[in-house]
Amino acid sequence: MTEIHTPRLLLRRWTDDDLVPLSELHADPEVMRWVDDGSVRDLERTAEDIERWEEEWDDEGFGLFAVELLASGELAGVTGLSVSEFLPEDTLPEVQIGWRFARHFWGQGYASEAAHATLEFALQDRGLDRLISVPRLGDDASENVLRKLGMARDREITHPVYGFPVIVHSIDLTEFEA
């Protein structure tokens, strides 16, 4: 079982106990406004997400982690790696880093801490040389995390499914200093 400990967080695989707290996070329109088309997700869709993420772990050797607070054991959010499926054909395959956290955990540095640990995992444990992130235009909080990670803006594109602008950021992990 893959686990990563940071000073305040545990990044781990998903368990049945994560379904309800993650579905509460997914039910918050403010959290979900930057995810896919911005729709909230119910318990059934959240269960499908977890199942898909676990399948990616099995298929790719990486995936999205459950992010738990070490101090309380609460599920704070999601971070990790996934294979991007919507970028233009000339850039695929690309592995992207992403995150989402419950609103009451915003502004405390958890996303940056978890994402930094995920970059280290991608480089040291999975041997990846490059990662991307593709936030929607206007997602200033994610842009801030990306700056802290040292990810550079590559280009702006239109999301082929939802039609809104996204910004592709990248980092060469061979130059990343853990």
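Residues numbered from 1 in each chain as written. Predicted model: local features only at pLDDT ≥ 70, side-chain atom pairs only at ≥ 80, totals over all residues. Heavy atoms only, no water.

> Before we go on, may I ask you to explain the pattern of salt bridges in this structure?
Where charged atoms from two side chains of opposite charge approach closely, those side chains can pair. The full count for this structure, using the stated rule, is 14 salt bridges. Its salt-bridge partner being R12, residue D18 comes within 2.7 Å of it at the nearest N-O pair. Under the relative-accessibility criterion, R12 is labelled buried at 8%. Between D154 and R130 there is a salt bridge, with the nearest N and O atoms lying 3.6 Å from each other. In this pair, D154 is assigned in strand β7 (residues 152-158) and R130 in strand β6 (residues 130-133), connecting sequence segments 24 residues apart. You can call D154 partly exposed: its relative accessible area is 36%. The class of R130 is partly exposed, set by a relative accessible area of 35%. (Salt bridge = Lys/Arg side-chain N within 4 Å of Asp/Glu carboxyl O. Buried < 20%, exposed > 50% of the residue type's maximum accessible area, 1.4 Å probe, protein only. Helix = DSSP H or I, 4+ residues; strand = E, 2+ residues; numbered from the N terminus.)

> Looking at this model, I keep getting lost on the nonpolar core. Mind explaining?
Across soluble globular proteins, nonpolar side chains show a tendency to be buried alongside one another. Of all hydrophobic cores here, the largest spans 44 residues; its most connected members are L81, W99 and L131. When residues in this core are grouped by element, the largest group, eight residues, is from helix α4 (residues 110-125). Residues I132, F164, V166 and V168 belong to the second largest nonpolar core, which totals six residues. (Core = buried A, V, L, I, M, F, W, Y, C linked by side-chain atoms within 4.5 Å.)

> What is the right way to look at the layout of surface pockets in this model?
Take a probe with the size of a water molecule and roll it over the atoms, and the empty space left behind shows itself. Estimated volume of the second largest pocket: approximately 150 Å³. Looking at the second largest pocket, the residues that line it are P21, E24, L25, D28, V31, E74, L75, A102, R103, H104 and F105. Per element, the largest residue contribution to the lining of the second largest pocket is three residues, and it comes from helix α1 (residues 19-26). A per-class count over the lining of the second largest pocket returns six nonpolar, one polar and four charged. (1 Å grid on protein atoms, 1.4 Å probe; cavity = no way out; pocket = protein on both sides within 12 Å on 5 of 7 lines; lining within 4 Å. Points joined across faces, edges and corners; volume = space filled by probe spheres on them. Nonpolar A, V, L, I, M, F, W, Y, C, P; charged D, E, K, R; others polar.)

> Looking at this model, I keep getting lost on the packing of aromatic side chains. Mind explaining?
Given two aromatic rings, their pairing is described by the distance between the two centres and the angle made by the two planes. Going through the model one piece at a time under the given rule, you end up with six aromatic pairs. Ring centres 5.2 Å apart and planes at 40° place the aromatic pair W14 and W53 in the tilted group. With W14 in the loop between β2 (9-12) and α1 and W53 in helix α3 (residues 43-60), this pair connects stretches of sequence that are 39 residues apart. Each member of the pair, W14 as well as W53, carries the same accessibility label: buried. Measuring from centroid to centroid gives 5.0 Å for W57 and F65, while their planes differ by 70°, and the two rings are edge-to-face. You'll find W57 and F65 in the same group, each marked buried. Members of the aromatic cluster, joined through ring pairs, are W57, F65 and F121. (Phe/Tyr/Trp six-rings, centres within 6.5 Å; stacked < 30°, edge-to-face > 60°.)

> What's the story with α4 in this structure? I'm lost.
Residues spaced three or four apart along an α-helix point in a common direction, a consequence of the helix completing one turn every 3.6 residues. Taking 1.5 Å of rise per residue, 16 residues should cover 22 Å, and α4 covers 21 Å from first to last C-alpha, within 8% of that figure. Looking at α4, one finds that the buried residues are Y110, A111, S112, E113, A114, A115, A117, T118, L119, F121 and A122. (Expected span 1.5 Å × (residues − 1).)

> Would you explain the pairing of strand β4 (residues 75-83) in this entry?
Where burial is concerned, most of β4 is hidden: eight out of the nine residues are buried. Both strand β3 (residues 64-69) and β4 contribute to a ladder of five bridges, which runs antiparallel. From the neighbouring strand, A66 faces β4, where its bridge partner is V78. Hairpin connection of β3 to β4: five residues between the antiparallel strands, including G73 at a positive phi of 80°. Note: β4 against strand β5 (residues 95-101), seven bridges, orientation antiparallel. Across the sheet, T79 pairs through a bridge with W99, a residue of β5. (Pairing = 2+ DSSP bridges.)

> So what exactly am I meant to see when it comes to the pairing of β2 here?
A regular strand places its side chains so that they alternate between the two faces of the sheet. The two faces of β2 match: L9 and L11 on one face and L10 and R12 on the other face are all buried. Summarising the sheet, strand β1 (residues 3-5) and β2 pair through three bridges and their orientation is antiparallel. The partner of H5 across the bridge, within β2, is L10. The turn joining β1 and β2, which pair antiparallel and follow one another in sequence, is formed by three residues. Bridging between β2 and β3 involves four bridges; their strand directions are antiparallel. Looking across to β3, one finds that L11 is bridged to V67.

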